[in-house]
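The residues making up each chain are set out below.
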Amino acid sequence: MRMGRRGKPGKVPHFEQKGGAFYYVSGIGKRKWIPLGSDKAHALARWAELEGRTNNGTFGDLFRWFMANAKLSENTRKNYEAQGNAVLRVFWNAPPNAIDTPMLERYKDECAPGCANARIGIIKAVFANAVRKGLCKGNPARDVKLLRLSPRERYITDAEYTAIRSRAADFCQLAMDLAYQIGCRPGDVLRLRLSDVTDEGILLVAQKTGKKTLYQMTPELASTLADSRALPRGVKG
């Protein structure tokens with residue numbers, strides 16, 4: 001059910017930087033450069049207003065508006081961009097009012113089970129934002145029934161973990177050890193800095209929830225941190 005695409009999803013259209021300022025560039029041939037200021041976040045918000053007012057005719061336009069305005073965590077934004085690119089390969093040029101619930105049900109069934117709910121969730125969020133802004137009349141994803149996924153029934157065994165660890169690079173082994181010892185998400189482990197370490201333990205702000213947690217120092221954790229400090233400085237830590 002490919003509906004076509006245009007341009008590159010990762011490129012913000014009509015948005016240019018010149019010197020230390022950002023501009024909204026409109027027109028063909030003799031283009032008009034509208035100054036947006038030097039702060040990128042504010043410039044993108046202003047861009048979204050202009051883009052939404054002058055070019056909101058496709059789902060791709062609604063998606064760009066949403067990504068420019070939505071307040072998302074860093075990890076959620078990355079996930080939306082990754083799954084959003086897959087959505088845009090199908091719906092990039094689709095007029096919003098041409099997308100209906102049966103169409104999205106078929107699209108959901110064509111997606112891999114592990115991705116279907118995430119992609120429908122993105123479409124639902126984009127349309128919800130567009131409805132609030134008056135850019136379209138309804139949200140066709142609202143009534144799409146999400147897939148019921150079976151919970152995980154099997155966990156990695158100690159032998160499997162040891163076999164994988166033995167083949168990993170030094171920094172990856174240490175990251176695996178830290179994740180195991182403090183029980184946090186891989187993304188949080190990779191964001192750790194030596195400045196997060198105190199005599200009492202590791203003070204970590206979870207990327208997903210924003211919750212600050214102190215993981216108490218143990219002999220095993222102290223040993224892993226000592227090995228981390230011994231890594232070549234080309235490896236961030």
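Residues numbered from 1 in each chain as written. Predicted model: local features only at pLDDT ≥ 70, side-chain atom pairs only at ≥ 80, totals over all residues. Heavy atoms only, no water.

## With respect to the sheet that holds strand β1 (residues 15–18)
Part 1: Strand order in the open sheet formed by three strands is β1-β2-β3, and the pairing between neighbours is antiparallel. In the strand order of this sheet, the two ends are held by β1 and β3 (32–37), each with one partner. The mean inter-strand angle of the sheet, taken between neighbouring strand axes irrespective of direction, is 40°.
Part 2: As paired elements, β1 and strand β2 (residues 21–26) share four bridges and run antiparallel to each other. Looking at β2, one finds that Lys18 is bridged to Ala21. (Pairing = 2+ DSSP bridges. Helix = DSSP H or I, 4+ residues; strand = E, 2+ residues; numbered from the N terminus. Axes fitted to C-alpha atoms, helices over the stretch in contact; angles between N-to-C directions.)

## A short note on the packing of helix α3 (residues 74–91) against helix α5 (residues 113–132)
Part 1: Where α3 contacts α5, the axes come no closer than 9 Å and their chain directions differ by 80°. When the axis of α3 is compared with that of α5, the two are roughly perpendicular. Contacts between α3 and α5 involve Asn79, Tyr80, Gln83, Gly84, Ala86, Val87 and Phe91 from the former and Cys115, Ala118, Arg119, Ile122, Ile123 and Ala125 from the latter.
Part 2: In the contact of α3 with α5, the residues fall into nine nonpolar, three polar and one charged. (Parallel < 35°, antiparallel > 145°, perpendicular 65-115°, else oblique. Contact = heavy atoms within 4.5 Å. Nonpolar A, V, L, I, M, F, W, Y, C, P; charged D, E, K, R; others polar.)

## Remarks on the confidence of the model for the chain
Part 1: Overall, the predicted model of the chain reaches an average pLDDT of 82, with 87% of residues at or above 70.
Part 2: Per-element confidence in the chain ranges from a low mean pLDDT of 68 for helix α1 (residues 40–54) to a high of 93 for helix α4 (residues 101–110).
Part 3: Predicted confidence is poor over residues 4–10, with pLDDT under 50, and the contacts of this stretch with residues over four places away or in other chains come to 19 contacts. (pLDDT = per-residue confidence, 0-100.)

## Quick word on the pattern of salt bridges
Part 1: Within the structure shown, the criterion is met by five salt bridges.
Part 2: The residue Asp61 makes a salt bridge to Arg64 at a minimum N-O spacing of 2.1 Å. Of the two residues, Asp61 and Arg64 both sit in helix α2 (residues 59–69), three residues apart, roughly one turn of that helix. An identical accessibility class is assigned to Asp61 and Arg64; each is buried. (Salt bridge = Lys/Arg side-chain N within 4 Å of Asp/Glu carboxyl O. Buried < 20%, exposed > 50% of the residue type's maximum accessible area, 1.4 Å probe, protein only.)

## As for the nonpolar core
Part 1: In this structure, Phe59, Phe91, Ile99, Leu104, Tyr107 and Ile123 are the most contacted members of the largest nonpolar core, which totals 31 residues.
Part 2: Counting only elements with at least two residues in this core, the list comes to α2, α3, α4 and α5.
Part 3: Here this core gets eight residues from one element, more than from any other, and that element is α5.
Part 4: When near neighbours in sequence (up to four residues on either side) are disregarded, Phe59 contacts Val87, Leu88, Phe91, Trp92, Ala94, Pro96, Ile99, Ile123, Val126 and Phe127.
Part 5: One finds Ala175, Leu192, Tyr215 and Leu221 within the second-largest nonpolar core, a separate group that totals 12 residues. (Core = buried A, V, L, I, M, F, W, Y, C linked by side-chain atoms within 4.5 Å.)

## Some words on the packing of α2 against α3
Part 1: Here α2 crosses α3 at 170°, and the two axes come no closer than 10 Å. With respect to α3, the element α2 is oriented roughly antiparallel. The segment α2 lies against α3, with Phe59, Gly60, Phe63, Phe66 and Met67 engaging Arg77, Tyr80, Glu81, Gly84, Val87, Leu88 and Phe91.
Part 2: Its residues assigned to classes, the contact of α2 with α3 shows eight nonpolar, two polar and two charged.

## Structural notes on the packing of aromatic side chains
Part 1: If you walk through the whole model with that rule in mind, you get six aromatic pairs.
Part 2: A centroid spacing of 5.5 Å and a plane angle of 70° characterise the contact between Tyr23 and Trp33, whose relative ring orientation is edge-to-face. Linking Tyr23 in strand β2 with Trp33 in strand β3, this pair joins segments that are 10 residues apart in sequence.
Part 3: Ring centres of Phe59 and Phe127 lie 5.6 Å apart, and the angle between their planes is 40°; on these two criteria the pair is classed as tilted. Linking Phe59 in helix α2 with Phe127 in helix α5, this pair joins segments that are 68 residues apart in sequence.
Part 4: Taken together, the ring pairs connect Phe59, Phe91, Tyr107 and Phe127 into an aromatic cluster. (Phe/Tyr/Trp six-rings, centres within 6.5 Å; stacked < 30°, edge-to-face > 60°.)

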